[in-house]
Structures are given as structure tokens and as C-alpha cells.
Amino acid sequence: MTEKVMCIVCGRKFPRGQGVVLTIDNKEYAFHSKRCAIKFMKRVIEELDKSVIKSVFDRVAGEFERELESARERTAKKIA
């Protein structure tokens with residue numbers, strides 16, 4: 001029988017292996033859908049210190065920008 005886990009946001013039970021599971025320091029946080037996961041993460045972000053959030057957001061946004069630029073360069077037409 002498939003093990004069921006419960007979404008910590010809405011309480012819905014769902015089969016393990018589905019949904020979204022975040023593991024932080026060996027503790028699992030289970031969400032039955034991405035909507036519940038986003039709702040949870042939004043609340044977590046609102047509770048964090050703004051200076052910490054800004055530095056992390058800036059660093060991660062920079063990483064994504066570099067990845068996008070690299071992808072654009074790889075897919076650009078090369079005229080020889």
C-alpha cells in the first residue's frame with residue numbers, strides 16, 4: 001500500500017512521491033501541490049529579515065541572468 005503524507009498547508013493527504021517535498025536539515029515539509037508550496041514559501045519569505053532576503057535574491061537572480069545569457073549565446077545564429 002502506498003504511504004500517504006499530509007500537506008502542511010491545506011491538510012490534504014496524498015501519496016508519497018507526488019506533490020512537492022522540501023527537505024531542510026533532515027526535516028521534510030510536504031505540500032500536495034505547487035500552489036500550497038508557493039503559499040508556504042511566500043509566508044516564510046515574509047518572516048525573514050529583509051537584508052538577508054535582498055542579498056540572496058540578488059545573488060540568485062544574478063545566477064539566473066548568467067544562465068539565460070549563456071543559453072542565448074549558445075542558441076544565437078552564428079554567421080560565418
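Cut-offs applied
- Residues numbered from 1 in each chain as written.
- Predicted model: local features only at pLDDT ≥ 70, side-chain atom pairs only at ≥ 80, totals over all residues.
- Heavy atoms only, no water.
- Helix = DSSP H or I, 4+ residues; strand = E, 2+ residues; numbered from the N terminus.
- Buried < 20%, exposed > 50% of the residue type's maximum accessible area, 1.4 Å probe, protein only.
- Phe/Tyr/Trp six-rings, centres within 6.5 Å; stacked < 30°, edge-to-face > 60°.
- pLDDT = per-residue confidence, 0-100.

(A) How the structure looks around unusual backbone geometry. In this structure, Asp-25 takes a positive phi of about 50 degrees despite not being glycine. Its location among the elements puts Asp-25 in the loop between β3 (20–24) and β4 (27–31). Given the relative accessible area of 75%, Asp-25 is considered exposed. At Asn-26, a residue that is not glycine, the phi angle is positive and equals roughly 65 degrees. If you trace the backbone, Asn-26 turns up in the loop between β3 and β4.

(B) Just the packing of aromatic side chains, in detail. In total, this model carries two aromatic pairs according to the counting rule given. Ring geometry for Phe-31 and Phe-40: centres 5.1 Å apart, planes at 50 degrees, overall tilted. Since its relative accessible area comes to 25%, Phe-40 is described here as partly exposed. Feature note: the residues Tyr-29, Phe-31 and Phe-40 constitute an aromatic cluster, connected by ring pairs.

(C) Up close: the confidence of the model for the protein. Here the protein averages 92 in pLDDT, while 98% of its residues score no lower than 70. Taken element by element, the predicted model of the protein shows its lowest mean pLDDT in helix α2 (residues 50–75) (93) and its highest in β4 (96).

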